[in-house]
Amino acid sequence: MKHFFSLVFIALIFVACKQETKQTEEVTEAETQEIAYASFGKEINDADALTAAIMADKYANMTVGDSTIVKMIAKVDEVCQAKGCWMKLDLPDGEQVMVKFKDYGFFMPKDIAGKEVIINGKAFVNEVPVDEQRHYAEDAGATPEEIAEITEPKKTYSFTADGVLLKTE
């Protein structure tokens with residue numbers, strides 16, 4: 001009987017050690033799947049970021065003057081080629097979000113078109129006057145003819161970001 005309990009005790013120790021190893025392997029596997037980001041502006045994380053599709057729905061239900069604090073994930077379409085002081089993000093409905101950076105506190109690299117970003121801050125709908133649209137077109141490298149074609153104010157989806165994460169691959 002004494003040997004039986006000894007064998008059971010040794011078996012329990014062996015099983016307990018084996019389970020702990022399994023947990024360590026799971027943690028290591030989860031750690032290697034983390035996504036790497038370059039951070040700009042205020043330090044943020046990727047938790048609770050809304051998809052571009054969800055944001056498109058939110059923007060569609062907003063009117064000029066409406067705003068909301070949110071974190072979203074989307075692909076970069078354009079970046080200011082003068083100094084990286086704004087960027088445009090694609091929404092799945094064909095619209096774009098014009099992103100500026102709070103208090104011009106930081107800028108983005110100029111070569112990130114097509115990359116994924118997570119932005120945190122204030123989303124809003126506004127009307128952009130002609131002169132401001134022309135300024136952005138000039139920053140984006142538009143021709144004088146394209147700039148001259150801008151003749152009316154435009155309702156836009158806008159965002160003032162206080163923090164940005166740029167997905168590094």
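This is a predicted model, so every value here is computed, not measured. (Residues numbered from 1 in each chain as written. Predicted model: local features only at pLDDT ≥ 70, side-chain atom pairs only at ≥ 80, totals over all residues. Heavy atoms only, no water.)

Peer 1: Describe the packing of aromatic side chains, and please don't skip the residues or the numbers.
Peer 2: Aromatic ring pairs are reported here in terms of the distance separating the ring centres and the angle at which the planes meet. One pass over the structure, following the stated rule, counts four aromatic pairs. The interplanar angle of 15° and the centroid separation of 4.5 Å between the aromatic rings of tyrosine 59 and tyrosine 157 together place this pair among those described as stacked. Taken as a pair, tyrosine 59 in helix H2 (residues 52-60) and tyrosine 157 in strand E6 (residues 154-167) lie far apart in primary sequence, 98 residues in all. There is no split in this pair, since tyrosine 59 and tyrosine 157 are both buried. Residues phenylalanine 101 and phenylalanine 106 carry aromatic rings whose centres are separated by 4.8 Å and whose planes lie at 45° to one another, so their mutual orientation is tilted. (Phe/Tyr/Trp six-rings, centres within 6.5 Å; stacked < 30°, edge-to-face > 60°. Helix = DSSP H or I, 4+ residues; strand = E, 2+ residues; numbered from the N terminus. Buried < 20%, exposed > 50% of the residue type's maximum accessible area, 1.4 Å probe, protein only.)

Peer 1: Outline the side chain of glutamine 133, listing residues and values.
Peer 2: Relative to the assigned elements, glutamine 133 resides in helix H3 (residues 130-139). Since its relative accessible area comes to 15%, glutamine 133 is described here as buried. Only 3.1 Å separates the side chain of glutamine 133 from the backbone oxygen of valine 128, close enough to count as a polar contact. Once residues within four sequence positions are removed from consideration, glutamine 133 is found in contact with Val128, Ile150, Glu152, Pro153 and Lys154. (Polar contact = N/O pair within 3.5 Å; in protein donor to acceptor, adjacent residues only side chain to side chain. Contact = heavy atoms within 4.5 Å.)

Peer 1: I'd love a proper account of the pairing of strand E3 (residues 86-90), names of residues and values included.
Peer 2: As defined by bridge partners, strand E2 (residues 67-79) adjoins E3 across three bridges and the pair is classed as antiparallel. Note on E3: the bridge partner recorded for glutamate 78 is lysine 88. Hairpin connection of E2 to E3: six residues between the antiparallel strands, including glycine 84 at a positive phi of 80°. Here E3 runs beside strand E4 (residues 96-101); their pairing, made up of five bridges, is antiparallel. Note that in E4 the partner of lysine 88 across the bridge is methionine 98. Between E3 and the antiparallel strand that follows it, E4, lie five residues; glycine 94 among them carries a positive phi value of about 90°. (Pairing = 2+ DSSP bridges.)

Peer 1: I'd like a description of the nonpolar core, backed by residues and values.
Peer 2: Core analysis: the biggest nonpolar cluster contains 29 residues, and Tyr59, Met87, Leu89, Ile119, Phe159 and Val164 have the highest contact counts within it. Looking at this core, the elements with two or more residues in it are H2, E2, E3, E4, strand E5 (116-128) and E6. Apart from residues no more than four positions distant in its own chain, valine 164 is found in contact with Ala38, Ser39, Phe40, Lys42, Ile44, Met87, Phe101, Phe106, Met108, Val117, Ile118 and Ile119. (Core = buried A, V, L, I, M, F, W, Y, C linked by side-chain atoms within 4.5 Å.)

Peer 1: Describe the state of the cysteines, naming the residues involved and giving the relevant values.
Peer 2: Under the definition given, this model contains zero disulfides. Residue cysteine 80 stays outside any disulfide, its sulfur separated by 3.5 Å from that of cysteine 85, the closest cysteine. Overall, the relative accessible area of 0% leaves cysteine 80 in the buried class. The exposure class assigned to cysteine 85 is buried, which follows from its relative accessible area of 7%. (Disulfide = S-S within 2.5 Å.)

On their own, these measurements won't tell you what the molecule is for.
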